[in-house]
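Structure at a glance
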Amino acid sequence: MERNYWVRTEHGRVWGPYTISALERLRGQLTEKCEASTDGKEWHPGADFPELRSLLVPARKIERQAAAPAPAGPRISKAMAEAFGIGGTPGAPSDSSPAPEGAPAAIAPPTKTAPGVAKGPPVIAKGPPAAPRPPPVTGKAPPPPPPAPEQLVVPESGDLAELSPARLYALLALTSGSGSLQLELDKGRMLQISFRRGAPEHLSCDDPELSLLRFLQSKGTVEAEEALAAEEQAAKSGQDIVSVLFQMQVIPPADAHRLLGEHGVFLLDRALATWRGNFTFKKDAPVPPGAFPLGSRWALLVDSVRRLDAALLRARLGKKLLRPVVRSGGLALGKVEELALNAQEARIYAGIDGTRTGEELLRAHETAATVRLLYLLTELGHLAFADVEESTAAPEPPAKVAPRQPPPAPAAAPHRELPKTSREPPPATSAPPRPAAPPVMKAAPPARPPSPAAKASAPVLSRPPPTFAQGPENEPPEAALERLSALWERLAKADHFEVLGLDRKTATPAETKRNFFVLAKELHPDTVTDATLADLREVKERLFARINEAAQVLGDEKHRKEYESELDGKAENVDVSRIFAAEENFQKAEIFIKARKYQEGLDLLEQAIQMNADEAEFYAWRGYAKFLLSKDRKQSFEECASDCRKALKMVERCLPAHLFLGHMGKALGDLKLAKKCYTRVLELDEKHIEAQRELRLMGKS
């Protein structure tokens, strides 16, 4: 399998991970000032990688040159020079004639370069022009030119399988486009979205099952008899259905804005869930009369994606989830900040470093939220699935691999000093081989690679490598799971030195690196190749993350000193495991409550408060869960609201407490309290989507 590289330009744009063949597409865009990395974390000058040098072009350097003195003799105009066949610049000697000895150097005029190709410095010619340097013979066909950047224009028509509704929406939102977008649904039905300056203002569909009447019936606002009578009257009078509903007094005019907005959002959800069919776009088509903005352009898109079926999105992503998820490096539609991601989505996005596949991210976080976020950000171009070539060698079963014994002497440790001419990180083959696994990005080496001026002799390691992660020969998976689970319980409470089997007083960076690689060979999750052993793989993922965290801290001198200061200055015992367990219970409770499993969520919140009673957000969620679970909400309001008030007394800026008090007040008809709480939420977070929507629906902007 080819090695993958990250490349960072002199302007800060990051590409990768790409193989050498994939980087050929960037030829002409990479200068000698760019940096490269094999793990996405440790960066070195691109010229330090011999295999990348052929892709680099000289950096453009603009220098002010002194104007050449005017040549002696009369000035010849351009027309006269062409008429008499005199070459060169008018008023200057011909390029074909040799320059007189001692004449000043002439600066060659700039030449036009192809798009995307960096311009070199001005060429200074002295005397006769030198023969052009022949291109280097590489034995390969010239690489294709770099792909042209995508034009931010919505085409007049196309296939939804190639350009999804979410990306069409984002293109219009980014460019503040106006016009009518028509999507083809099942059975030839058409759904139309009218945009004005990038925001959807009107949606309609010719499918009777998606009509306004059917939507109002599903909400219980209109009865079946009233809907039938309204349809008959609209057919006779030729009026639109909304006017008929007003005349029949089926819906009050005060609720019309809210109901029409909810129906528009319902159709937008249906539009974004469309995978197949064609689309047409009529630029600058007028918006129907009576249309109004449905909300913030980006907030509407994000909220709609959050409501999509996670199973369908996962099927749509398909095999892409088996590839590493990487960031685009600024090649996206809009900014992530404009999407107003919630706390859970922000944590998922922050943890994407290009080393984990989509499936690994789904296992590490809540599945539904993660797959929706991956779909949204890949469609908008903030994320991408890296191209990784699979190895042709068949993987060996892990059960056949004999356990590795520790070396008899410290000198046999798998440490290799780099040559002086290279600053590359140590290759993955420096450690003894482990069973082949599906292609994934390898973890970053924790310690910095030695500089070119490092000594040639390897440092002496004071202790043998750790062996506590090794299992007995032919260990069955059940026994390995039990052994590693016990190891996780021990390492979760240990400090970084104990995790890597190091002596704090004598540990060196070389020993830290060696111990990490020795433990990684045993604990890397890719050593579990059987898909049925998900529990074993999950335990190894936790253990690998733990040793990687320890190696990142101890492998850096500055971070190690800070960590040792924390260990020395720790005055009180804080049970970190209880705090983490409380946070885990709280996250599960949040998921249960959003899924309307209020009792399960309330039980987990009670456990979280017992483990950590100093977290204000726990009390706010507990009060809201009690309110949702109560049969007589009016009677239980004070008890439930007391939890939210307690949270506000602990932390006045506790946003969930204000929000939940607003929800309770709205449910009980106390609109004054609701508006007050929602307004306070917007004071704390002016982009809070839920508070904006509630105030808008209540008639307060």
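Position labels on residues start from 1 in each chain and follow its written sequence. In keeping with the predicted nature of the model, local features appear solely for residues at pLDDT of at least 70, side-chain atom pairs appear and are counted solely at 80 or more, and the whole-chain, interface and lining totals rest on all residues. Only heavy atoms go into the side-chain values, all of them from the structure, while hydrogens and water stay out.

Let us look at the pairing of strand E9 (residues 190-196). Note that strand E8 (residues 179-184) and E9 share 6 bridges and pair antiparallel. Note that in E9 the partner of Gly179 across the bridge is Phe195. By definition, two strands form a pair when at least two bridges between them are found by DSSP. Numbering of helices and strands runs from the N terminus; a helix is a DSSP stretch of H or I covering at least four residues, while a strand is a stretch of E covering at least two. Hairpin geometry of E8 and E9 is characterised by an intervening segment of 5 residues between the two adjacent antiparallel strands and by a positive phi of about 60° at Lys187. In terms of strand pairing, E9 meets strand E10 (residues 199-205) through 6 bridges, oriented antiparallel. Bridge pairing in E10 links Ile193 to Leu203. Counting the residues between successive antiparallel strands, the hairpin from E9 to E10 contains 2 residues, one of them, Arg197, with a positive phi of roughly 55°.

Strand order in this open sheet of 4 strands is E2-E1-E3-E4, and the pairing throughout is antiparallel. Bordering the open sheet on either side are strand E2 (14-18) and strand E4 (44-45), each of which pairs with just one other strand. Pairing geometry for strand E1 (residues 5-8) and strand E3 (residues 35-37), over 3 bridges, is antiparallel. Bridging across to E3, Trp6 finds its partner in Ser37.

Two rings belonging to Phe, Tyr or Trp (six-membered ring only in the last case) form a pair when the distance between their centres is within 6.5 Å. Interplanar angles under 30 degrees mark stacking, angles over 60 mark edge-to-face geometry, and anything in between is tilted. Using the criterion set out here, one finds 10 aromatic pairs in the structure. Aromatic side chains Phe586 and Phe618 sit 4.9 Å apart centroid to centroid with 35° between the ring planes, which places their arrangement in the tilted category. Remark: Phe618 occurs in helix H20 (residues 616-629) and Phe586 occurs in helix H18 (residues 576-594); sequence separation between them is 32 residues. Residue class for Phe586 comes out buried when judged on its relative accessible area of 4%. To sort residues, take the accessible area from a 1.4 Å probe on protein chains only and compare it with the maximum for the residue type: under 20% means buried, over 50% means exposed, and anything in between is partly exposed. Taking relative accessible area as the criterion, Phe618 reaches 1% and is therefore assigned buried. Definition used: whenever NZ (Lys) or CZ (Arg) falls within 6 Å of the ring centre and also within 35 degrees of the ring normal, the charge is taken to sit over that ring. For Arg327, the ring lying beneath its charged end belongs to Tyr349, and the centroid distance is 4.2 Å.

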